[in-house]
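Read off the chains here:
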Amino acid sequence: MARIGSIASTCIALLAASLAASCRVAPVEPAPEPPPAAPETPPAPLARTPAEPPAEAAPARPAPAEASAAPPAAPKRVLVLLPPESSAFAPVLPHLEAELAARGFGASTIALDGLPPDAPLATEPPALVIAVGTAATRAALDRQPGAPVVFCQVPDVGLAAAPNVWGVASLPPLELQLRAWRRVYPGLRTIALVLGRDETVLAAEARRAAAAQGVGLDLFFASSDQEAVYLFKREAADVDGLWLLPDSTVLSPRAIREMLDHAAARRLETLVFTPTLLEWGALLSVTPTDLDLARTLASVAEAVAAGSGDELPPITPLSELEARVNTTVAERLGLRVRRGVWIERAGLP
């Protein structure tokens, strides 16, 4: 049995040697090489650039020079002409400049006393002139002919009758004044008002305002300050209060002080047109607000510059006022005042 295994091992070894020999005798021939092909152009190396942004994020191409937008037009120039004594308008001026700039105007300000006499207001005619006070308004009409004029703080409303001239009211609306007064004293029934004989327009407006507020108005016309004092003292016993509106023809400082003293002696309420008179014993003062005056002036100037001046009234009214109470006088009169200062606006209850 061992012999058989030896024989098998010998056969296997002989077979392996035979196969190895046959492999060396008949090697496999390699396949023929293919004919040389034309050399290929190597691909261009990829540029190391960032990925392109999406189409919607691509920057817009600059328009050709011939198609570029025209430069913005220079702002229209407005000349603000101040009177020699302009301290009262100083708080309004920053608001006015801001309001004009918001409407596309460029404002330059000059004072009347800083100009040579009889010289034009400006070498280059402005789009329009905003004149503060009577003297500045007359100077604008005389020394800058042809330029539209918008005036303010001018009691003589007759100036608005001149061609190419528009005004802004110097007083807050009379109805607003009476409404503020009734907030201090809801029981207000009858008031006295003395005006100069030429103040027919203001008188008519005062009557309308009193009727709208349900207040009786005893209206008198005087020719002098002495007559104004006399008329008020004669009627003081029949009214609840005295209403003073600025009228230089009948209200001198002496007359105002005498009328306020008489009102205080009779425990009458008094409504005046400047906080200064609170120091003289008045109960309530009403004045335009700086922002409302500036906003109204700029609005009228914008309409005039746009060629819409014909749609404006000769005098554009203001729309709000600042009311200020003399708390000492209010206490003496037995009035309970919730606020010492507030803003009264048109259109609000």
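Just above, that's the structure.
Residues numbered from 1 in each chain as written. Predicted model: local features only at pLDDT ≥ 70, side-chain atom pairs only at ≥ 80, totals over all residues. Heavy atoms only, no water.

J.: Help me get a handle on the packing of helix 2 (residues 93–102) against helix 8 (residues 290–305), residues and values and all.
T.: It is at 8 Å that the axes of helix 2 and helix 8 come closest, and there the two elements cross at 35°. For the pair helix 2 and helix 8, the sense of crossing is right-handed. Taking contact as the criterion, the partners of His95, Leu96, Glu99 and Leu100 in helix 2 are, on helix 8, Asp290, Leu291, Ala294, Arg295, Leu297, Ala298 and Ala301. Partitioning the contact of helix 2 with helix 8 into residue classes produces seven nonpolar, one polar and three charged. (Axes fitted to C-alpha atoms, helices over the stretch in contact; angles between N-to-C directions. Helix = DSSP H or I, 4+ residues; strand = E, 2+ residues; numbered from the N terminus. Left-handed = near helix turned anticlockwise from the far one by under 90°. Contact = heavy atoms within 4.5 Å. Nonpolar A, V, L, I, M, F, W, Y, C, P; charged D, E, K, R; others polar.)

J.: Could you give me a rundown of the sheet that holds strand 8 (residues 241–243), with the residues and numbers involved?
T.: Within a sheet, each strand pairs with its neighbour through backbone hydrogen bonds, oriented either parallel or antiparallel. One open sheet holds the seven strands; their spatial order is 7-6-8-9-10-12-13, and the pairing between them is mixed. Looking at which strands have only one partner, the edges of the open sheet turn out to be strand 7 (216–222) and strand 13 (341–345). On average, adjacent strands in this sheet sit at an angle of 25° to one another, irrespective of strand direction. In this sheet, strand 7 lies alongside strand 6 (residues 190–196) in parallel orientation, the contact comprising seven bridges. Within the sheet, the bridge partner assigned to leucine 193 lies in strand 7 and is leucine 219. (Pairing = 2+ DSSP bridges.)

J.: Let's hear about the side chain of serine 285: which residues, and what values?
T.: Inspection of the secondary structure assignment puts serine 285 in strand 10 (residues 284–288). Once residues lying within four places of it in the same chain are set aside, the contact partners of serine 285 are Val272, Thr274, Pro275, Leu278, Glu322, Ala323 and Arg324.

J.: Pulling in residues and values, what's your account of the nonpolar core?
T.: In this structure, Leu174, Trp181, Trp243, Leu245, Leu283 and Leu284 are the most contacted members of the largest nonpolar core, which totals 32 residues. Listed by contribution, the elements that provide at least two residues to this core are helix 4 (174–184), strand 6, helix 5 (200–213), strand 10, strand 12 (320–325) and helix 9 (327–332). With residues near it in sequence (within four places) discarded, tryptophan 243 still touches Leu174, Gln177, Leu178, Trp181, Ile191, Ala192, Leu193, Ala206, Leu217 and Leu271. (Core = buried A, V, L, I, M, F, W, Y, C linked by side-chain atoms within 4.5 Å. Buried < 20%, exposed > 50% of the residue type's maximum accessible area, 1.4 Å probe, protein only.)

J.: Just give me the short version of unusual backbone geometry, but keep the residues and values in it.
T.: Backbone geometry at glutamine 153 places phi at a positive 55°, although glycine is not the residue there. Structurally, glutamine 153 can be placed in the loop between strand 4 (149–152) and strand 5 (165–168). Judged by relative accessible area, glutamine 153 falls into the partly exposed class, the value being 32%.

J.: Provide a residue-level description of the sheet that holds strand 1 (residues 76–82), including the pertinent values.
T.: Read across the sheet, six strands follow the order 2-1-3-4-5-11 without closing on themselves; strand pairing throughout is parallel. Each end of this open sheet is capped by a strand with a single partner; those strands are strand 2 (105–111) and strand 11 (315–316). As paired elements, strand 4 and strand 5 share three bridges and run parallel to each other. The partner of valine 149 across the bridge, within strand 5, is valine 165. Lying over the sheet, helix 3 (residues 134–143) contacts strand 1, strand 3 (128–132), strand 4 and strand 5, oriented at roughly 150° with respect to strand 3.

J.: Break down helix 8 for me, citing the residues and quoting the values.
T.: Across its 16 residues, helix 8 extends 23 Å between first and last C-alpha, which sits within 8% of the 22 Å expected from 1.5 Å per residue. Looking only at helix 8, the buried set comprises Asp292, Leu293, Ala294, Thr296, Leu297, Ala298, Val300, Ala301, Ala303 and Val304. In the stretch just after helix 8, glycine 307 is the one whose phi turns positive, near 85°. (Expected span 1.5 Å × (residues − 1).)

J.: Break down helix 3 for me, citing the residues and quoting the values.
T.: Within helix 3 the residues assigned to the buried category are Ala136, Thr137, Ala139, Ala140 and Arg143. Projected onto a plane normal to the axis of helix 3, the buried residues spread over an arc of 165° and lie on a single side. Residues of helix 3 that are buried make contact with strand 1, strand 3 and strand 4. (Arc of directions from axis to C-beta.)

J.: Lay out the pairing of strand 1 in plain terms, naming residues and giving numbers.
T.: The element strand 1 is largely enclosed, with a buried count of five among its seven residues. Of the crossover connections in this fold, the one passing from strand 1 over helix 2 to the parallel strand 2 is right-handed. Bridging between strand 1 and strand 3 involves four bridges; their strand directions are parallel. Its bridge partner lying in strand 3, leucine 79 is registered against valine 129. (Right-handed = clockwise from strand over helix to strand, strands pointing away.)

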